[in-house]
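Chain by chain, the residues run as shown.
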Amino acid sequence: GQQLNQSPQSMFIQEGEDVSMNCTSSSIFNTWLWYKQDPGEGPVLLIALYKAGELTSNGRLTAQFGITRKDSFLNISASIPSDVGIYFCAGQLSNGNKLVFGAGTILRVKS
Amino acid sequence: DAEITQSPRHKITETGRQVTLACHQTWNHNNMFWYRQDLGHGLRLIHYSYGVQDTNKGEVSDGYSVSRSNTEDLPLTLESAASSQTSVYFCASGNSNQPQHFGDGTRLSIL
């Protein structure tokens, strides 16, 4: 089945630093999504991308839908302690809104 | 506010028992999904439904079943629980215009 390669697996950064993570796939997706999961909770949608080349921001978060439709990245600027969590990318296929998920990036922030 | 609710939040049971996890959404979404989350595997799709009376197998469906008798509910049943099914289970809902929203999960331990 389809797989998403998400990297890095984990990051341990200093508060105030910028963060970048990305997902690549051998398959084409028509939507890319980025979710964040806090401990003991379900994933929460951060950003949804619907068009190839689209660049979208949500506060300190910026995400882009790759032009080939096979990749996406998420940047977090000026990280703060509450950014800690697991970030998942997900690609949505054209048939229905079934998703394929990356394995996640664990983000830890040193204050 | 619309929401998606999972119950119970935690459950401990014994191998061989039948277990049912509940998922209820008030978004009026047509599509509902069940995932399991395990270390090193991210989120894996168990079963999904695109509407009442519709059910489909995901990538890890063996040992699980679902039924969809109304729009709001998609219960997940483990027919005969096995220790390999110890996991955190997430339900999600969405439709063609809305990405998936997740519940807060059920932590299931099978002894």
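The structure under discussion appears in the preceding block.
(A) How the structure looks around the overall build of chain B. Looking only at helices and strands, chain B features zero helices and 11 strands. Going from the N terminus to the C terminus, chain B shows its helices and strands as β-β-β-β-β-β-β-β-β-β-β. Compactness check: chain B gives a C-alpha radius of gyration of 13 Å against a globular reference of 13 Å for 111 residues, within 12% of the reference. If you line up chain B on its principal axes, its C-alpha atoms span 40 × 25 × 25 Å. The buried share of chain B, reckoned over its 111 residues, is 49%. A sequence separation of at least 24 residues applies to 53% of the contacts in chain B between residues at least 6 apart. For chain B, the accessible surface area stands at approximately 5400 Å², while carbon and sulfur atoms represent 43% of it. Measuring between centres, the 8 positive side-chain charges of chain B sit 7 Å from its 11 negative side-chain charges.

(B) Looking closely at the environment of Val109 of chain A. Residues and elements named next belong to chain A. Along the polypeptide, Val109 turns up in strand E11 (residues 105–110). Since its relative accessible area comes to 13%, Val109 is described here as buried. In this structure the C-alpha to C-alpha distance between Val109 and Ser82, which are 27 residues apart in sequence, comes to 8.3 Å. When neighbours within four sequence positions are excluded, Val109 is seen to be in contact with Phe12, Ile13, Gln14, Glu15, Ser79, Ile80, Pro81 and Val84.

(C) The arrangement of the sheet that holds strand E6 (residues 55–58) of chain A in detail. Residues and elements named next belong to chain A. Spatial strand order, E1-E3-E8-E7-E6: five strands in an open sheet with antiparallel pairing. Both edges of this open sheet fall to strand E1 (4–7) and E6, since each of them pairs with a single strand only. Within the sheet, the average angular offset between the axes of one strand and its neighbour, ignoring direction, is 15 degrees. With five bridges connecting them, strand E7 (residues 61–65) and strand E8 (residues 71–76) associate as antiparallel partners. Bridge pairing in E8 links Leu61 to Ile76.

(D) Highlighting the state of the cysteines. Enumeration according to the criterion identifies two disulfides over all chains in this entry. Between the sulfur atoms of Cys23 of chain A and its disulfide mate Cys89 of chain A the distance is 1.6 Å. Negative torsions about the S-S bond denote left-handed disulfides, and the value of about -80 degrees found for Cys23 of chain A with Cys89 of chain A makes this one left-handed. One end of the pair, Cys23 of chain A, is in strand E3 (residues 19–25); the other, Cys89 of chain A, is in strand E9 (residues 85–92), with 66 residues separating them in the sequence. Overall, Cys23 of chain A belongs to the buried group, its relative accessible area being 1%. Paired by a disulfide, Cys23 of chain B and Cys91 of chain B hold their sulfur atoms 1.9 Å apart.

(E) Region of interest: the packing of aromatic side chains. Under the counting rule described, the total for this entry stands at 11 aromatic pairs over all chains. Summarising the aromatic geometry, the rings of Phe29 of chain A and Trp32 of chain A are spaced 5.3 Å apart at their centres and angled 75 degrees between planes, so their arrangement reads as edge-to-face. The two residues Phe29 of chain A and Trp32 of chain A agree in class, both being buried. An aromatic cluster of at least three residues, connected via ring pairs, comprises Tyr35, Phe88 and Phe101 of chain A together with Phe33, Tyr35, Tyr48, Tyr50 and Phe102 of chain B. A cation over a ring is seen here: Lys110 of chain A above Phe12 of chain A, with NZ or CZ 5.2 Å from the ring centre.

Analysis parameters
- Residues numbered from 1 in each chain as written.
- Chains lettered and ligands numbered in written order.
- Predicted model: local features only at pLDDT ≥ 70, side-chain atom pairs only at ≥ 80, totals over all residues.
- Heavy atoms only, no water.
- Helix = DSSP H or I, 4+ residues; strand = E, 2+ residues; numbered from the N terminus.
- Rg over C-alpha atoms; globule rule 2.2 N^0.38 Å.
- Buried < 20%, exposed > 50% of the residue type's maximum accessible area, 1.4 Å probe, protein only.
- Contact = heavy atoms within 4.5 Å.
- Areas by Shrake-Rupley, 256 points an atom, 1.4 Å probe, with all protein chains shown as cover.
- Lys, Arg positive; Asp, Glu negative; His and termini not counted.
- Charge placed at Lys NZ, Arg CZ, Asp CG, Glu CD.
- Pairing = 2+ DSSP bridges.
- Axes fitted to C-alpha atoms, helices over the stretch in contact; angles between N-to-C directions.
- Disulfide = S-S within 2.5 Å.
- Phe/Tyr/Trp six-rings, centres within 6.5 Å; stacked < 30°, edge-to-face > 60°.
- Lys NZ or Arg CZ within 6 Å of the ring centre and 35° of its normal.

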